[in-house]
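Results of the structural survey
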Amino acid sequence: MITVGQTFLALLIATAGWAVWKLWSILARPYTTALRNLPGPPSPSWIFGNMKAIQEEEESALQERWAAEYGPNITYRGFLNRDWLWTLDTRALNHILTHSAEYRKPDETLRSVVRIVGEGVFFTEGEHHRKQRRVMNPAFGPSQIRELTSIFVDKSIELRDMWEGQIGAQNTPTRVDALKGLSMMTLDVIGLAGFNYRFDSLSSTGTPNELSEAFQAIFSPPAKPSVLMILKHLFPIFDIISRRVDRAREVMRRIGSELIQEKKTQIQRELAENKSGGSSLERKDVQGRDLLTLLLKANMATDIPDSQRLSDEDVLAQVPTFIVAGHETTSTATTWCLFALTQAPAVQAKLRAELLAVDTNTPTMEELNALPYLDAVVRETLRIHSPVATTVRVAARDDVIPVDRPFVDRFGEVQDSIRISKGSPIIIPILSLNRSKQLWGKDALEFKPERWDSTPEAVSSVPGVWGHMLSFLGGPRACIGYRFSLVEMKALIFVLVRAFEFELAVPLEDLQKKSNVVQRPLLRSAPEQGSQMPLLLKRTSPWAPKARTR
């Protein structure tokens, strides 16, 4: 008979054996990885590798200097001296992005993000992801975005009016936090367009929104890497030390469950009343203004196999996923667009002239997309101020990655491919590729919308789903909601730039970017105040041509 003491001893030995194996794999990794022949900077720390140096600078700046010194295919050290692949080679990136089964998101990232938002479409892999995407694709098509455009415009006008109310009668420049206002607006939009749910963040009579506050807490960037961050990255058990995350997820699950039950009841009531001409629902009958209703109807259609339906848990996971993706990225991108316009007054004036020439305050999707300079400004913003600067993939097996151009490794040998070992992490350098001088020319770091009149031939090799850039990624995991984001951003810029002249309210050198999922602005002089973009607003005159009745 096995005693309690023997059982404990066996568990202790097994735990010690696992710890020894884990430590050995960490120590041996730099000498066994296939990436060891790639050039790159020396590691200043066995624990932090190059990560502290990277964290101290703006996103991607240090890696771009390394690429200029060592070449476009480099390796640097992460936590515990782990080798990371960083490449600007477009053929290599195309291989990685299009082979999504072989190059997946890291388990550590999935574990931490799924803990917050659940297994939504952005955070699942393999067949699970493909099944979710098949059901959800129709909700993000052009016809659906066309129906949502009026929500984008109406909420942009509400933000405009809120800022208008803060400007005195003398029209003196008035300071506002553009990021805060835009975040409120995009939360309202994803509430209405996503679920027909009113957050009323922009309402002067609205109460503080617990969901918005939870997101603000989660997405505030850490000042520097911590020991706890490393422990969470390596050992899942340390993830339990995060009451803030637990509270945020509880809020999202509760609101999501209420929304789904409400939508299901409404759909079943419509079927019972025979509104669609029959007692069953087929895919061709799927209609609805908000994304969640479309998703639920598509999932309930009688003409799809049960094997293709999403579980209730899968549907629930899409609610916080939509909020995270729709709330953060568009507000951040539009914030950086307004910043860019403050640094380019001639561009701001030229854009305003084009927008004021439109004879309505409430444009349709087609009218927004027909404005060439607005389109160029949006493209240039997303190129040079991509909200998400990098993303990560991990090799699921040993592989040979093709490259567009041969390169010289750290031993002086010419290589025509990159060999990578199973488990090796890869940085997808979204921002760095977007502003690569090899692709875009010597002025690649300049905000210059006119470049879109004639783009360089080299950018056609960028494996992005939109605009010869990686801002929405590419391949099977490209951003499903990119059309939504683009039209919402155009609606915001259309309304706000017609109404106001924008200037930066702080010295340029006081502003920095810090990434925690998205690149948010932070003041060097007031980091304790969190992310913000202080701008000075002044009314334009005139800004309000005759409104058209819908």
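Heads up: these notes are all about the structure in this document.

Definitions and cut-offs
- Residues numbered from 1 in each chain as written.
- Predicted model: local features only at pLDDT ≥ 70, side-chain atom pairs only at ≥ 80, totals over all residues.
- Heavy atoms only, no water.
- Buried < 20%, exposed > 50% of the residue type's maximum accessible area, 1.4 Å probe, protein only.
- Helix = DSSP H or I, 4+ residues; strand = E, 2+ residues; numbered from the N terminus.
- Pairing = 2+ DSSP bridges.
- Contact = heavy atoms within 4.5 Å.
- Axes fitted to C-alpha atoms, helices over the stretch in contact; angles between N-to-C directions.
- Polar contact = N/O pair within 3.5 Å; in protein donor to acceptor, adjacent residues only side chain to side chain.

**Concerning unusual backbone geometry**
- Even without glycine at this site, leucine 80 takes up a positive phi of about 55°.
- The exposure class assigned to leucine 80 is buried, which follows from its relative accessible area of 11%.
- You will see that aspartate 200, though not glycine, has its phi angle at about 55°, which is positive.
- Among the structural elements, aspartate 200 can be located in the loop between helix H8 (178–195) and helix H9 (210–219).
- What makes aspartate 200 partly exposed here is its relative accessible area of 30%.

**Brief notes about the sheet that holds strand S5 (residues 391–395)**
- The strand order across the open sheet formed by five strands is S1-S2-S8-S5-S3, and the pairing between neighbours is mixed. Single-partner strands in this sheet number two, and they are strand S1 (73–77) and strand S3 (103–104).
- Summarising the sheet, S5 and strand S8 (residues 425–428) pair through four bridges and their orientation is antiparallel. When the bridges of S8 are listed, valine 392 appears paired with isoleucine 427.
- Its contacts with the sheet put helix H3 (residues 61–70) on S1 and strand S2 (83–87), and the angle it makes with S1 is roughly 125°.

**Section: the sheet that holds strand S12 (residues 534–539)**
- A sheet is described by the order of its strands in space; here three strands give the open sequence S4-S12-S9, paired in antiparallel fashion. The outermost strands of the open sheet, each flanked by one partner alone, are strand S4 (174–177) and strand S9 (500–504). With direction set aside, neighbouring strand axes in the sheet form an average angle of 40°.
- As defined by bridge partners, S9 adjoins S12 across five bridges and the pair is classed as antiparallel. In the strand pairing of S12, glutamate 501 is matched with lysine 538.
- This element, H8, spans S4 and S12 of the sheet and lies at about 55° to S4.
- Against the sheet, helix H19 (residues 482–499) contacts S9 and S12, and its axis sits at roughly 90° relative to S9.

**Examining helix H12 (residues 291–300)**
- Most of H12 sits inside the fold, with nine of its 10 residues counted as buried.
- For H12, the complete set of buried residues consists of Leu291, Leu292, Thr293, Leu294, Leu295, Leu296, Lys297, Ala298 and Asn299.
- Its side-chain oxygen 3.3 Å from the backbone nitrogen of leucine 292, aspartate 290 forms the N-cap of H12.

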